[in-house]
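What follows is each chain in one-letter form.
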Amino acid sequence: QLVEAVRAAAASGSPSLARTALSRRRAAKEIDLAGADSLPRLQASYSHSFDFGIGQALDPGRGSLSVSASIPLNYWETRAAVESKTIAAKQADLDGEETQAAIDLDIRSAVSDGISSARSAVSSAKALEYAESYYESVLELYRLSSASSSDLSDAQALVSTSRSALISAQYSFLADLSSLRTLAGLEPE
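Predicted, not measured: the structure shown is a model, and the values here were computed from it. (Residues numbered from 1 in each chain as written. Predicted model: local features only at pLDDT ≥ 70, side-chain atom pairs only at ≥ 80, totals over all residues. Heavy atoms only, no water.)

Looking only at helices and strands, the protein chain has four helices and two strands in total. Across the 189 residues in the protein chain, those meeting the buried criterion constitute 22%. The long-range fraction of contacts in the protein chain, counting pairs at least 24 apart against all pairs at least 6 apart in sequence, stands at 69%. For the protein chain, the accessible surface area stands at approximately 13,500 Å², while carbon and sulfur atoms represent 57% of it. (Helix = DSSP H or I, 4+ residues; strand = E, 2+ residues; numbered from the N terminus. Buried < 20%, exposed > 50% of the residue type's maximum accessible area, 1.4 Å probe, protein only. Contact = heavy atoms within 4.5 Å. Areas by Shrake-Rupley, 256 points an atom, 1.4 Å probe, with all protein chains shown as cover.)

Here it is as structure tokens:
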């Protein structure tokens with residue numbers, strides 16, 4: 001479900017997908033334009049003039065109608081242009097599918113990495129909690145002279161290492177979350 005939600009957000013906000021969609025639309029329009037060159041053309045124009053002067057009667061004048069038609073004879077050129085644009089459109093479709101597949105793979109990977117980082121952060125927090133509890137018990141034993149300063153030092157080192165591991169896991173989780181937000185188009189690339 002999370003993958004689908006990120007995919008939906010990416011579809012609406014990803015610059016890569018927007019570029020791909022634009023390329024597809026442009027390629028489809030270019031096919032239409034290339035095919036339009038093969039259609040016959042018909043042009044018509046009409047002009048009319050009349051004379052009128054002071055003290056003269058209105059002369060309706062004359063009008064003329066001009067009609068011209070042209071039929072393109074370069075069928076092979078037009079066909080080649082249409083085929084070329086069709087190939088370009090198919091390439092744009094393939095590029096779009098490749099972009100979508102790459103984004104889907106990146107999203108799945110980022111979701112998986114995010115879940116792994118979140119689990120690692122939870123484990124590290126639990127380990128820090130245990131290390132701090134252990135330190136407290138060793139400290140109490142040290143106060144009662146039942147533990148050596150070396151034991152106390154080892155407990156402190158364990159707390160420090162556990163705290164560093166937690167910070168690292170939290171940073172990894174935030175980096176993975178940022179990566180997901182970027183893939184979803186919520187942050188700039």
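Here we take up the environment of Pro15. By the element assignment, Pro15 lies in helix α2 (residues 15-36). With a relative accessible area of 38%, Pro15 lands in the partly exposed category. Along the primary structure Pro15 and Gly185 are separated by 170 residues, whereas in three dimensions their C-alpha atoms are 7.2 Å apart.

In this section: α2. Compared with an ideal rise of 1.5 Å per residue, which puts 22 residues at 32 Å, α2 spans 31 Å between its outermost C-alpha atoms and is within 8% of the ideal. For α2, every residue scored as buried is listed here: Ser16, Leu17, Thr20, Ala27 and Ala34. Projected down its long axis, α2 carries its buried residues within an arc of 115 degrees, all on one side. For α2, the exposed residues lying more than 90 degrees away from the buried face are Arg25, Lys29, Asp32 and Leu33. (Expected span 1.5 Å × (residues − 1). Arc of directions from axis to C-beta.)

This part covers helix α4 (residues 149-183). Taking 1.5 Å per residue, 35 residues should reach 51 Å; α4 reaches 51 Å between its end C-alpha atoms and fits that length. All buried positions along α4 are accounted for by Leu152, Ala155, Val159, Ser162, Leu166, Ala169, Asp176, Leu180 and Leu183. Where α4 terminates, the next one or two residues include Gly185, which has phi positive at roughly 80 degrees.

For the structure on display, the rule yields four salt bridges. As a salt-bridge pair, Glu30 and Lys85 come within 3.8 Å of each other at their nearest N and O atoms. With Glu30 in helix α2 and Lys85 in helix α3 (residues 75-143), the pair connects residues that are 55 residues apart, well separated along the chain. Judged by its relative accessible area of 30%, Glu30 falls in the partly exposed class. By relative accessible area, which is 30% here, Lys85 ends up partly exposed. Here Glu140 makes a salt bridge to Arg143, at a shortest N to O gap of 3.7 Å. A residue pair is termed a helical-turn pair when its members lie 3 or 4 positions apart in one helix, as Glu140 and Arg143 do in helix α3 at three residues. (Salt bridge = Lys/Arg side-chain N within 4 Å of Asp/Glu carboxyl O.)

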